[in-house]
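The primary structure of each chain is shown beneath.
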Amino acid sequence: WFFDFELVAKIAFKFQSSEIHLYGPCVNSVKNKLDKLLKLKNVSYFGEKSYFELPQIINNFKVGIIPLISKEEVWRLASGKFLQYLAVGTPVVSVWMEQYSNFNENVFLSKSHKQFLASIKIAEEHNFISIEKELSKYDWNLLSKEFRSEIKDTIESIK
């Protein structure tokens, strides 16, 4: 479980006039950590939502955060939430992720709590810049064709 409860608490304290909305599953092993966070007046938990509801929900966010523990194994992840935020025009503040390190607009990647908190302040004042072309590279239809082609080429090179 890579969610950084300590970071979210720091965000809640630093940005007391902001509401922090958390969505997604919560496994029993971390329920007590979530309950502790929910004692903070500006943190709310809404549980899991269907993917059909997400665009409408996150469209209302001023900043989309991905507060995961910053460590090497997490840096290799590729959160779908990252692309969802960008698709609806919401700036992203996230733990550093190698796959998304090439994004230059609307994205603020951090390897420390200090960087993350500073990035939220910058993202709050950020004017979103359209990046449809950049996002189109992550279209599943395009990616699946590329993967099929790579697999085919690899198989043919072995023959």
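Scroll up to find the structure this text is about.
Residues numbered from 1 in each chain as written. Predicted model: local features only at pLDDT ≥ 70, side-chain atom pairs only at ≥ 80, totals over all residues. Heavy atoms only, no water.

Student: I would appreciate a short explanation of the overall build of the chain in the present structure.
Tutor: When you go through the chain residue by residue, the secondary structure sums to 8 helices and 5 strands. What you see in the chain, going N to C, is helices and strands ordered as α-β-α-β-α-β-α-α-β-β-α-α-α. For the chain, the C-alpha atoms occupy an extent of roughly 60 × 40 × 30 Å along the three principal directions. Counting the 159 residues in the chain, one finds 38% classified as buried. In the chain, of all internal contacts separated by at least 6 residues, the share reaching a separation of at least 24 is 59%. A total of about 10,400 Å² of accessible surface is found on the chain, and carbon and sulfur atoms cover 53% of it. Charged side chains in the chain number 21 positive and 19 negative. The centres of these two groups are separated by 6 Å. (Helix = DSSP H or I, 4+ residues; strand = E, 2+ residues; numbered from the N terminus. Buried < 20%, exposed > 50% of the residue type's maximum accessible area, 1.4 Å probe, protein only. Contact = heavy atoms within 4.5 Å. Areas by Shrake-Rupley, 256 points an atom, 1.4 Å probe, with all protein chains shown as cover. Lys, Arg positive; Asp, Glu negative; His and termini not counted. Charge placed at Lys NZ, Arg CZ, Asp CG, Glu CD.)

Student: I keep staring at the sheet that holds strand β5 (residues 107–110) and nothing clicks. Help me out?
Tutor: Note on sheets: strands pair through backbone hydrogen bonds, and any given pair is parallel or antiparallel. Pairing is parallel in the open sheet, where 3 strands are placed in the order β3-β4-β5. Two strands lie at the open edges of the sheet, namely β3 (64–66) and β5, each paired on one side alone. Recorded for the sheet is a direction-independent mean angle of 10 degrees between the axes of neighbouring strands. Two elements, strand β4 (residues 92–95) and β5, share 4 bridges in a ladder whose sense is parallel. (Pairing = 2+ DSSP bridges. Axes fitted to C-alpha atoms, helices over the stretch in contact; angles between N-to-C directions.)

Student: Please explain the pattern of salt bridges as it appears in this structure.
Tutor: Pairing between side chains of opposite charge can happen when their charged atoms approach one another. Enumeration over the complete set of coordinates arrives at 5 salt bridges. The closest approach of N and O atoms between Lys-71 and Glu-73, which form a salt bridge, is 3.5 Å. Given the relative accessible area of 41%, Glu-73 is considered partly exposed. (Salt bridge = Lys/Arg side-chain N within 4 Å of Asp/Glu carboxyl O.)

Student: What should I look at first to understand the environment of Ser-110 in this one?
Tutor: Mapped onto the fold, Ser-110 is located in strand β5. Sequence separation of Ser-110 and Ser-70 is 40 residues, and the distance between their C-alpha atoms is 8.1 Å. If sequence neighbours within four positions are ignored, Ser-110 has contacts with Ser-70, Ser-94, Val-95, Trp-96, Gln-115, Phe-116 and Ser-119. Only 3.4 Å separates the side chain of Ser-110 from the backbone nitrogen of Phe-116, close enough to count as a polar contact. (Polar contact = N/O pair within 3.5 Å; in protein donor to acceptor, adjacent residues only side chain to side chain.)

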